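Here is how the chains run, residue by residue.
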Amino acid sequence: MIIKNAEDKKGQIEALQTLLAHPDADTSTRKRVEREILNIKAGARGEEEAAYEMKVHWGESKNWMIIHDLRIEHSGLMAQIDHLLINRFMEMWVCESKHFSEGIAINEYGEFSAFWGSKPYGIPSPIEQNNKHLLILKHVLDAGGIALPTRMGFTIKPTLKSLVLVSKGARINRPKAKIDGLDTIIKNDQLFKTINKAIDNNNNPLLIAKIIGQESLKDLGEKMAQSHQPIEFDWAAKFGLSSSWNPPLATKASYVDPLETKERIMLESDTPPQEKNISNFTDETQKPKQKLICHSCGVKVTYNVAKFCWVNKKRFGGNIYCRDCQKKV
């Protein structure tokens, strides 16, 4: 049973897209903002893929409670849990979703790398990242922040388990050396089989002794969802921009970049870019074919200024205006 769905990322994306037109945002800042947008979109896609698998297998089950996008806090520490699965055996499966277009690799030291254009670059260990989430969740439960089921006056404490979910189309290069936690990294389509196998192989007699009723499980799931601590992001401050800037009405509309890049294709699709028709896409390093001349005063404008006019074509009628003339239109 699904207790809480993931929160819509549309508001965050729109707020970031608005910053692309911020007057203080230089080229470097805009690239960082665009990267943040891509990361949010890619992350959301990975979470949606994992959530679909959970819905198919446990969405209608009263023996499982599913909570997506759970943010909990304890003593100034925060854990952003992508997915939390709770069953009647009082097992809590904390799942961290990762969306890597080209997959990940782990070396014999437990160091992680992702790939961009088949070239590796270092990333933080998702195993350690999720272990911190488990630790903070344990602190919350031990402190009594969430009331747990009881039996004969004794509190039934849950068993916390970790899984790192990777896109089903991505590759996982594992080392020959034995690394702690490496078996917790699985693909989304292996989730059901992995959890069922873990339950079947658990011969601990306490597993049956801890079992709770469906109503108690639902009550626990609802209490966990109520512990969610939403947060408002000050994206302008994160990128060193003034939060007092009031964007023009046109920039508040959904931003659609007419010149999508190869990078966007790779981040937002499991299909390799060489298999896509990218003839209509232009790299940011390439200059547009048309002349970048202000329609009003005839002054040459930069590519980013022209792109702002193209994006907000309803306001500018599809013409290009320099920054000064944009204020007059």
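In this report, the structure presented in the accompanying data block is examined. All values derive from a computational prediction rather than experimental measurement.

The next subject is the nonpolar core. Ile 72, Leu 84, Ile 86, Met 92, Leu 137, Leu 220 and Met 224 are the most contacted members of the largest nonpolar core, which has 24 residues in total. Counting only elements with at least two residues in this core, the list comes to strand S2 (64-74), strand S3 (77-87), strand S4 (91-98), helix H3 (126-142) and helix H6 (214-226). At five residues, the largest contribution of residues to this core is made by H3. If we skip the residues at most four places from it in the chain, Ile 72 touches Leu 77, Met 78, Ala 79, Ile 81, Ile 136, Leu 137, Val 140 and Ser 227. Counting 15 residues, the second largest nonpolar core, distinct from the first, contains Ala 21, Leu 292, Trp 310 and Ile 320.

Our focus in this paragraph is the side chain of Arg 71. Within the element layout of this structure, Arg 71 appears in strand S2. In this structure the side chain of Arg 71 is engaged in a polar contact, spanning 2.5 Å, whose partner is the side chain of Glu 73.

All right, on to H6 then. Here H6 contains 13 residues, and its C-alpha end-to-end distance of 18 Å stays within 8% of the 18 Å for a straight helix at 1.5 Å per residue. Every buried residue of H6 is listed here: Leu 217, Leu 220, Gly 221, Met 224 and Ala 225. Down the axis of H6, the sector holding all buried residues measures 135 degrees, keeping them to one side. Facing away from the buried side of H6 by more than 90 degrees, the exposed set consists of Glu 215 and Gln 226. In this fold, the buried residues of H6 make contact with strand S1 (2-4), S2, S3, S4 and H3.

Another point: the packing of aromatic side chains. In this structure the tally under the stated criterion is three aromatic pairs. Pairing Trp 58 with Phe 192 gives two aromatic rings, centres 5.7 Å apart and planes at 45 degrees, and the pair type is tilted. Of this pair, Trp 58 sits in helix H2 (residues 27-58) while Phe 192 is found in helix H4 (residues 191-200), placing the two residues 134 residues apart along the sequence. According to the relative accessible area criterion, Trp 58 is buried, its value standing at 3%. Among the aromatic residues, those joined into a ring-pair cluster are Trp 58, Trp 64 and Phe 192. The lysine or arginine in question, Arg 171, covers the ring of Phe 115, its NZ or CZ lying 4.2 Å from the ring centre.

How each quantity is defined
Residues numbered from 1 in each chain as written. Predicted model: local features only at pLDDT ≥ 70, side-chain atom pairs only at ≥ 80, totals over all residues. Heavy atoms only, no water. Core = buried A, V, L, I, M, F, W, Y, C linked by side-chain atoms within 4.5 Å. Buried < 20%, exposed > 50% of the residue type's maximum accessible area, 1.4 Å probe, protein only. Helix = DSSP H or I, 4+ residues; strand = E, 2+ residues; numbered from the N terminus. Contact = heavy atoms within 4.5 Å. Polar contact = N/O pair within 3.5 Å; in protein donor to acceptor, adjacent residues only side chain to side chain. Expected span 1.5 Å × (residues − 1). Arc of directions from axis to C-beta. Phe/Tyr/Trp six-rings, centres within 6.5 Å; stacked < 30°, edge-to-face > 60°. Lys NZ or Arg CZ within 6 Å of the ring centre and 35° of its normal.

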